[in-house]
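# Structure at a glance
So you can see what is in the structure, the chains are spelled out below.
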Amino acid sequence: KGFTHEVKSLDGGDWEVLIGAHRVFWGVTESRHLVNVINQVDSVEDVDGDDYLGQPMLNVALQGDWGRLDFFAMTFFRERTFNSSDSRLRGPLPIKTKKAEYEANWNEWNVDLAARYQNSFGPLDLGVSVFHGTNREPELRQRFTFSDGLHFRPYYETMTQTGIDLAYAFGDLVLKGDALSRFHQGSPFFATVFGGEYTLKNALAMDVDLGFIAEYNYDGRKKSKNPGTIFDNDAFGGIRLTFNDTSDARVLLGALVDVGDGSTYFYVEASRRVFDNWRVEVEGRLFAAGSNKDAVRAVDSDSFAQLRLLRYF
């Protein structure tokens, strides 16, 4: 949580100041939140990359008829969480998060800077961003010590990222795209996610919205010089059901398939509110590696299903 102060200026524009820990979301695509770089991913809470840790920051925003412009200054870097060696979705070696290494001299106290401009031009929503600071994606470097044996240590390098995200609406069809260029001491690369979502309103003569999602992921990083990713050359297809009822029920089914070797990550997520303060969630994930070189191989035997009951206060 943070302290927010908003003021309306004399020329009709607005400005806003936020100080404290906050979550910021950038991007429009479903299968991968490519340009979303402010907050650290919480890998213990879930494996889908949709859960984030709060980031201490100073955020100054200016808004007017010309759009919105945000400036960010951040410190006290939040390290990525990883599952322990005796939990599910663990890798081949234990990860010693407490022995993380940094490229920046000030380690987690390095100052990160970012800015983003966003605006709507009729049916087009556009966002352009730039970030310079500690990379939220760690490279896992293999180490050996007599006390810990063979293990991984997260290495957080300093990088500069420029990004763009856009969505264009044609009636019930929305075309979406995220793209970035990232520069650092490793190997500069370009990555993108693009596709669309078509929604059938009141499908099957019911008060249900049925959405069809299709996206393609490309990531040009060199695995020998950058943190690894499963999104290098992958196609995504999904179906979204939104029940327009008081229980806020919704279902999402999706599959990410590697175009090269056929490795597949399939998932289903469903939830609805029960009573006034409770929510029930069902989640299932299936991993099927197509080759021994694919990153999915590390969790190929960790497919799972779970039921979660949440109580809100």
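Anyway, here's the lowdown on the structure attached to this text. These numbers were taken from a predicted model, which means no experiment stands behind them.

A few words on the nonpolar core. In this structure, Trp 26, Ile 38, Met 57, Phe 72, Met 74, Ala 114 and Phe 131 are the most contacted members of the largest nonpolar core, which totals 17 residues. Every element with two or more residues in this core is listed here: strand 6 (67-74) and strand 14 (189-200). Broken down by element, this core gets its largest block of residues, three residues, from strand 14. Ignoring sequence-local partners within four residues, the contact set of Met 57 consists of Leu 18, Ile 19, Gly 20, His 22, Val 24, Ile 38, Phe 72, Ala 73 and Met 74. Membership of the second largest hydrophobic core comes to 12 residues, among which are Ile 213, Leu 256, Tyr 267 and Ala 289.

The next point concerns the pairing of strand 12 (residues 158-170). Sheet analysis places strand 9 (residues 124-134) next to strand 12, joined by 11 bridges and oriented antiparallel. For Leu 124, the partnering residue across the bridge sits in strand 12 and is Tyr 168. Note: strand 12 against strand 13 (residues 173-184), 12 bridges, orientation antiparallel. Across the sheet, Met 159 pairs through a bridge with His 184, a residue of strand 13. The antiparallel pairing of strand 12 with strand 13 creates a hairpin that spans two residues between the two strands, and Gly 171 there sits at a positive phi of about 65°.

Among the structural elements, Glu 137 can be located in the loop between strand 9 and strand 10 (139-145). A polar atom in the side chain of Glu 137 sits 2.7 Å from the side chain of Arg 182. Polar contacts involving the side chain of Glu 137 include one to the side chain of Arg 221, which spans 3.4 Å.

A few words on a nonpolar patch on the surface. On the surface, a nonpolar cluster with roughly 570 Å² of combined accessible area is contributed by Tyr 198, Leu 200, Phe 212, Ile 239, Leu 253, Phe 266 and Leu 286. One can find Phe 212 in strand 15 (residues 208-219).

So, on to the pattern of salt bridges. For the coordinates displayed, the defined rule picks out 20 salt bridges. For Glu 30, the salt bridge goes to Arg 240, with nearest N and O atoms at 3.0 Å. Taken together, the residues span a long stretch of sequence, with Glu 30 in the loop between strand 2 (14-22) and strand 3 (40-41) and Arg 240 in strand 16 (residues 233-243) at a distance of 210 residues. Looking at Glu 30, the relative accessible area reads 18%, which means it is buried. Given the relative accessible area of 23%, Arg 240 is considered partly exposed. In this structure, Arg 141 engages Glu 139 in a salt bridge whose closest nitrogen and oxygen atoms are separated by 3.6 Å. You can call Arg 141 partly exposed: its relative accessible area is 27%. What you see here is one network of salt bridges that share partners, running through Arg 32, Glu 137, Arg 182, Asp 219 and Arg 221.

What counts, and at which threshold
Residues numbered from 1 in each chain as written. Predicted model: local features only at pLDDT ≥ 70, side-chain atom pairs only at ≥ 80, totals over all residues. Heavy atoms only, no water. Core = buried A, V, L, I, M, F, W, Y, C linked by side-chain atoms within 4.5 Å. Buried < 20%, exposed > 50% of the residue type's maximum accessible area, 1.4 Å probe, protein only. Helix = DSSP H or I, 4+ residues; strand = E, 2+ residues; numbered from the N terminus. Contact = heavy atoms within 4.5 Å. Pairing = 2+ DSSP bridges. Polar contact = N/O pair within 3.5 Å; in protein donor to acceptor, adjacent residues only side chain to side chain. Patch = residues over 30% accessible without salt bridge, like charges linked within 9 Å, V, L, I, M, F, W, Y side chains within 5 Å. Areas by Shrake-Rupley, 256 points an atom, 1.4 Å probe, with all protein chains shown as cover. Salt bridge = Lys/Arg side-chain N within 4 Å of Asp/Glu carboxyl O.

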